[in-house]
Amino acid sequence: MHPDPAPARQWRVPPALPALKLTGAVALLALALLLDGGDRIRLALAVLTAAGLAGWAARDLVAPVRLAVDPDGITVVQGFAGRRRLPWSAVEKVTVDRRARRGLTSELLEIDAGESLHLLGRHDLGADPAEVAEALHEARPR
């Protein structure tokens, strides 16, 4: 008798993150309008920046699940809100890239699928990339 297959797991953007981005966009617009001083270029730049923040938050709301794994493979977010299914046979390796710069350390989960490389950070996953990499290694059939 063989063990039951591993259940599907998923990692998503923390719910507070899109709210924070939208709050930042609104605050930026309010500050720009308050300190406008008749400078249309400054106001236009603030509007463009706020629109960028709102678009970034919209992606978090439309496609909150950035990574899912099941016994058949991995599903990653691709583009603005698309999904890409990677069967285990296409996944060459899963690693964590750690880099230290200016006293800060960043970690990215790297999923190498041959012709594509998928990079996901802590804010994409809502979890430590090293823990997610370990979970992916455990879910991969031997």
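So, how was this worked out
- Throughout, residues of each chain are indexed from 1 in the direction in which the sequence is written.
- Residues qualify for local features only when their pLDDT is at least 70, as the model is predicted, and side-chain atom pairs are given and counted only at 80 or more; totals for whole chains, interfaces and linings, by contrast, use all residues.
- To get the side-chain values, take all heavy atoms of the structure and skip hydrogens and water.
- For the exposure calls, accessible area comes from a 1.4 Å probe over protein chains only, and a residue counts as buried if that area is under 20% of its type's maximum, exposed if over 50%, partly exposed in between.
- Comment: elements are numbered from the N terminus, with helices defined as DSSP H or I runs of at least four residues and strands as E runs of at least two.
- The rule for pairing is simple: two strands pair if DSSP sees at least two bridges between them.
- The arc in question is formed by the directions pointing from the helix axis toward the C-beta atoms.
- Whenever two N or O atoms come within 3.5 Å, that pair is a polar contact, provided that in protein one can donate a hydrogen and the other can accept it, and provided that, for residues adjacent in sequence, both atoms are side-chain atoms.
- In this description, contact between two residues means that some pair of their heavy atoms is separated by no more than 4.5 Å.

### Side note on the pairing of strand S3 (residues 73-78)
And step 1. Most of S3 sits inside the fold, with five of its six residues counted as buried.
And step 2. Here four bridges tie strand S2 (residues 65-70) to S3, and the two strands are oriented antiparallel to one another. Residue Ala68 lies in a different strand from S3, and its bridge partner there is Thr75.
And step 3. Where S2 folds back on S3, the antiparallel hairpin that results is connected by two residues.

### Looking at the pairing of strand S7 (residues 117-121)
And step 1. As paired elements, strand S6 (residues 104-112) and S7 share five bridges and run antiparallel to each other. The residue bridging Leu109 from the neighbouring strand is Leu120, located in S7.
And step 2. Hairpin connection of S6 to S7: four residues between the antiparallel strands, including Gly114 at a positive phi of 75 degrees.

### Description of helix H4 (residues 129-139)
And step 1. Here H4 has its buried residues at Pro129, Val132, Ala133, Ala135, Leu136 and Ala139. For H4, the buried positions fall inside an angular range of 160 degrees around the axis, keeping them on one side. In H4, those exposed residues whose orientation departs by more than 90 degrees from the buried face are Glu131 and Glu138.

### Side note on the side chain of His118
And step 1. With respect to the secondary-structure elements, His118 resides in strand S7.
And step 2. Within the structure, His118 has its side chain in polar contact with the side chain of Ser116 (distance 3.0 Å).
And step 3. With sequence-adjacent residues up to four places away left out, His118 is seen in contact with Val76, Arg84, Leu86, Leu109, Glu110 and Ile111.

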